[in-house]
Amino acid sequence: MDNITALKASRLAKEIDNRFKLTTDVFNAIAKTDRELFIPKGFGFHAYKLDALPISAKQWISSPLTVAKMTQYLDARGADRVLEIGCGSGYQAAVLSHLFRGVFTVERIEHLLNEARSRFKQMGAHNIHTRHSDGQNGWIGYAPYDRILFSAAVSQIPSKIFDQLSNTGILIAPIWQDDKQIITRFQKHGNRIVEDKIEECDFVPILNGTQK
Ligand code: SAH
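Here the structure is a predicted model, which is why all the values come from computation and not from measurement.

How would you sum up the overall build of the chain? Please name residues and give values.
Regarding its fold elements, the chain presents 6 helices and 9 strands. By the compact-globule yardstick of 17 Å for 212 residues, the chain fits well, its C-alpha radius of gyration being 16 Å. Overall size of the chain, expressed as C-alpha extent along the three principal axes, is 50 × 40 × 35 Å. By the burial criterion, 53% of the 212 residues in the chain qualify as buried. Considering only residue pairs separated by 6 or more positions, the chain has 53% of its internal contacts joining residues 24 or more positions apart.

Right, dumping it as structure tokens:
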């Protein structure tokens, strides 16, 4: 990362921190991630604002404030591996790559995933593993995960996803409730799941199947 990028990214972390107090680890993860790399060409001037942005295929790159919150709610301390469902631009996964030893991220739209892959390569994030598939099936090959994050809104967590969460693992997801979405935290204690609602949010809905 060059000096100017580093300055912009740390300014972004400070701006987020003013609205939502960040832990040192999450602050540093934001400050180490070049958001501009994840933004469509021509929108660069927008990269360090706290807005969501349109990317291709009617999809959105989440607001950095939302990404920071989701990251903090995940609570990476003591955790090793995280599964993200809904890679999109890859920005969320890139932030997670500074906090976890292994990041596993799944995307249903192939061309978005290809773009994200080339960004991960460019930033030298060798600990991010990607897969083109319907994330509602999780990624059984590397399960269980200490943390699971839904980056798209679901009505319910499929039981096969809970099966892929480690025994004391935490899962964060935007859950549809009537016409609202609530960021919800699920913690597994063996065969018991404790659920806590955190706050309202606005994610794109999860869709079935895959597309090019
Ligand atoms: N984490 C992204 C946010 C992307 S928006 C970022 O930081 O930019 C949510 C993404 O979830 C979209 O790219 C959408 O295509 C993807 N998605 C929706 N349903 C999915 C599914 N069933 N499996 C995998 N990805 C899905």
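Here the narrative resumes, following the displayed structure.
Can you break down the site of the ligand residue by residue, with the values?
Residues in close proximity to the ligand total 26 residues, the closest being S89, E107, D134, G135 and L207. Between the ligand and E84, the relevant distance is 2.9 Å, taken from a nitrogen atom to a side-chain nitrogen or oxygen of the residue. One nitrogen or oxygen atom from the main chain of Q92 is found 3.1 Å from an oxygen atom belonging to the ligand. Considered on its own, the ligand offers 590 Å² of accessible surface; in the complex 99% of this is hidden by protein. Mapping the ligand onto the cavity grids shows that it belongs to the largest pocket. Among the secondary structure elements, those contributing two or more residues to the shell around the ligand are strand 2 (60-61), helix 4 (91-96) and strand 4 (102-107). When the residues that make up the shell around the ligand are grouped by side-chain class, the tally is 12 nonpolar, 10 polar and 4 charged.

Break down the sheet that holds strand 5 (residues 128-132) for me, with residues and values.
One open sheet holds the 7 strands; their spatial order is 5-4-3-6-7-8-9, and the pairing between them is mixed. Two strands bound the open sheet, and with one partner strand each, they are strand 5 and strand 9 (192-201). For this sheet, the mean angle separating the axes of adjacent strands, direction not counted, is 15°. Bridge analysis of strand 7 (residues 165-177) against strand 8 (residues 180-189) gives 8 bridges, and the strand direction is antiparallel. For W176, the partnering residue across the bridge sits in strand 8 and is Q181.

Pulling in residues and values, what's your account of helix 1 (residues 3-19)?
The terminal C-alpha atoms of helix 1, which comprises 17 residues, lie 25 Å apart, in line with the 24 Å expected from a rise of 1.5 Å per residue. Buried within helix 1 we find T5, A9, S10, L12, A13, I16 and D17. Buried residues of helix 1, seen end-on, are gathered within an arc of 150° and therefore sit on one face of the element. Away from the buried face of helix 1 by more than 90 degrees, exposed residues N3, I4, R11, N18 and R19 are located.

I'd like a description of the pattern of salt bridges, backed by residues and values.
Using the criterion set out here, one finds 8 salt bridges in the structure. Its salt-bridge partner being D75, residue R77 comes within 2.9 Å of it at the nearest N-O pair. Given a relative accessible area of 63%, R77 falls into the exposed group.

Calculation rules
- Residues numbered from 1 in each chain as written.
- Predicted model: local features only at pLDDT ≥ 70, side-chain atom pairs only at ≥ 80, totals over all residues.
- Heavy atoms only, no water.
- Helix = DSSP H or I, 4+ residues; strand = E, 2+ residues; numbered from the N terminus.
- Rg over C-alpha atoms; globule rule 2.2 N^0.38 Å.
- Buried < 20%, exposed > 50% of the residue type's maximum accessible area, 1.4 Å probe, protein only.
- Contact = heavy atoms within 4.5 Å.
- Near = heavy atom within 4 Å.
- Polar contact = N/O pair within 3.5 Å; in protein donor to acceptor, adjacent residues only side chain to side chain.
- Areas by Shrake-Rupley, 256 points an atom, 1.4 Å probe, with all protein chains shown as cover.
- 1 Å grid on protein atoms, 1.4 Å probe; cavity = no way out; pocket = protein on both sides within 12 Å on 5 of 7 lines; lining within 4 Å.
- Sits in = over half its atoms within 2 Å of the grid points.
- Nonpolar A, V, L, I, M, F, W, Y, C, P; charged D, E, K, R; others polar.
- Pairing = 2+ DSSP bridges.
- Axes fitted to C-alpha atoms, helices over the stretch in contact; angles between N-to-C directions.
- Expected span 1.5 Å × (residues − 1).
- Arc of directions from axis to C-beta.
- Salt bridge = Lys/Arg side-chain N within 4 Å of Asp/Glu carboxyl O.

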